[in-house]
Amino acid sequence: MSCIFGPVPSRRLGFSLGVDLVPFKVCSLDCIYCQIGKTTCKTVERKEYVSCEKILAELEKVLKSSKNIDYITLSGSGEPTLNSKTGEIIRRIKEITSIPVAVITNATLLSDDMLKKDLLPADLVMPSLDGVTQAVFEKANRPCASLKAEETIKGLIDFSKVYKGKIWLEIMLVKGINDTEAELNALKSVVKQIKPDKIQLNTPVRPPSEEWAKTLSASKLAKIKDFFGDKCEIIATFNKKGHKAYLKNVEDEILTLISRRPVTSDDISSSLGLHINEVIKYVGELERQKKISLKIYQGKRYFQR
Ligand code: SF4
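As the structure is a computational prediction, the values presented were derived from the model and not from experiment.

Calculation rules
Residue numbers here run from 1 along each chain, matching the order of that chain's written sequence. Per-residue local features are limited, in this predicted model, to residues with pLDDT of at least 70; the limit for side-chain atom pairs, both in listing and counting, is 80 or more; totals at the level of whole chains, interfaces and linings are taken over all residues. We call a residue near a molecule or strand when the C-beta position, derived from backbone atoms, sits within 6 Å of it. Ten residue types, Ala, Val, Leu, Ile, Met, Phe, Trp, Tyr, Cys and Pro, are classed as nonpolar, four, Asp, Glu, Lys and Arg, as charged, and the remainder, Gly among them, as polar. Each domain span listed reflects an automatic or database assignment of domains. Throughout, a pair of residues is in contact if the C-beta atoms placed from their backbones lie within 7 Å. Working definition: helices are DSSP H or I runs of at least four residues, strands are E runs of at least two. Numbering for both runs from the N terminus. Take the buried Ala, Val, Leu, Ile, Met, Phe, Trp, Tyr and Cys residues, join any whose C-beta atoms are within 7 Å, and the set you get is a nonpolar core. Buried residues are those with 20 or more other C-beta atoms within 10 Å of their own C-beta, exposed residues have 12 or fewer, and partly exposed residues lie in between; C-beta atoms are placed from the backbone. A pair of strands is considered paired only if DSSP assigns at least 2 bridges between the two. Every angle, taken between N-to-C directions, lies between 0 and 180 degrees, and every axis is a line fitted to C-alpha atoms, over only the stretch in contact when it is a helix.

### Some points on the site of the ligand
Okay, step 1: The ligand sits among Cys27, Leu29, Asp30, Cys31, Cys34, Ile36, Thr39, Gly78, Glu79 and Asn106.
Okay, step 2: Split by residue class, the shell around the ligand holds five nonpolar, three polar and two charged.

Put into structure tokens, the structure is as follows:
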């Protein structure tokens, strides 16, 4: 299985070439809203889950044939910073291309000084932080037993003091879980110490890992955006122009498949040879355009025309 996917249209990054640093689904958390499914290997152990040499060889090959990539994004099928070669991978990507490197991380390992150093050469770090109190952290993110909200926050604040690139902090708001006044006040005071370049509010608009992880209304999100101030935005739906042909081709293939019978994201992924993250982005866009809809049957999520 290739560890490079895309470029995929991303709401935040334009056209993003994804790099999987860990296989499905190695993560230190098991978030209730995770769109790629339940964590099957919950761990804080950093090791070379995917070989650094394999990643770089595949990336070099893809870069020769792909154009107009806005970011190379370390993300994928779990928490990328669990790969112990994260630092070397970033450094070597920067030797072969001038395309900016972004890292999407849940920030739980940032208390590790080695990881802080590893991320310094990245152009953009996109950490997430959904709760300040241990109770909310456990409810929303279901972390490994050893992880403490307090240490994650301290790691993030310390990292922000030494890091020279951009930080876009994502907060995933889940109805009834982390949208109370007390939690939002606590989040705001931590955000002030992190001083991110952007605060990006999200809510589970794509099918979450747990059905009961509910979306906040647009009006509530707008109020919270005002509460966080100028640097805060609600992550908008992808609407960048260009690459329409590419997008259209993939959309058409997915629509043709779905018109035969209702299918799951996994079915689409294996039938069309697309990475699960690509599938999620495309079906999200198709749902937004009301070309397909979601149906839950016996606990599984199916897409239908
Ligand atoms: S949302 Fe991210 S951090 Fe949370 S379980 Fe999924 S991959 Fe891990």
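Next, the rest of the story.
### Here we look at the domain arrangement of the protein chain
Okay, step 1: With domains assigned, the protein chain is organised as domain 1 (4-240) and domain 2 (242-305).
Okay, step 2: Taking the mean C-alpha position of each, domain 1 and domain 2 sit 24 Å from one another.
Okay, step 3: Across the boundary between the two partners, domain 1 contributes 17 residues, which contact 14 residues of domain 2.
Okay, step 4: Mapped onto the side of domain 1 that touches domain 2, the elements with two or more residues apiece are β1 (4-10) and β2 (14-20).
Okay, step 5: At five residues, the largest contribution of residues to the side of domain 1 that touches domain 2 is made by β1.
Okay, step 6: Of the residues that constitute the side of domain 1 that touches domain 2, the class distribution is seven nonpolar, eight polar and two charged.

### Here we look at the nonpolar core
Okay, step 1: Of all hydrophobic cores here, the largest spans 62 residues; its most connected members are Val19, Ala102, Val103, Ile171 and Val174.
Okay, step 2: In this structure Val174 touches Ile32, Tyr33, Ala140, Pro204, Ala213 and Lys214, once residues within four positions along its chain are discounted.
Okay, step 3: Counting eleven residues, the second largest nonpolar core, distinct from the first, contains Val263, Leu274, Val279 and Val283.

### Here's the deal with the sheet that holds strand β10 (residues 232-234)
Okay, step 1: Here we have eight strands laid out as an open sheet, ordered β1-β2-β5-β6-β7-β8-β9-β10, and mixed in their pairing. Because the sheet does not close on itself, it has two edges, and the strands there are β1 and β10. Going across the sheet, the axis of each strand differs from the next one's by a mean of 25 degrees, ignoring polarity.

### Some remarks on the pairing of β2
Okay, step 1: Counting buried positions along β2 gives six out of seven residues, so the element sits mostly inside the fold.
Okay, step 2: Judged from the five bridges that link them, β1 and β2 form a sheet pairing that is antiparallel. Each residue of the ladder has a partner; that of Pro9, found in β2, is Phe15.
Okay, step 3: What sits between β1 and β2 in their antiparallel hairpin is a turn of three residues.
Okay, step 4: Looking at chain direction, β2 and strand β5 (residues 71-75) are connected through five bridges and run parallel. Its bridge partner being in β5, Asp20 is matched across the sheet by Ser75.

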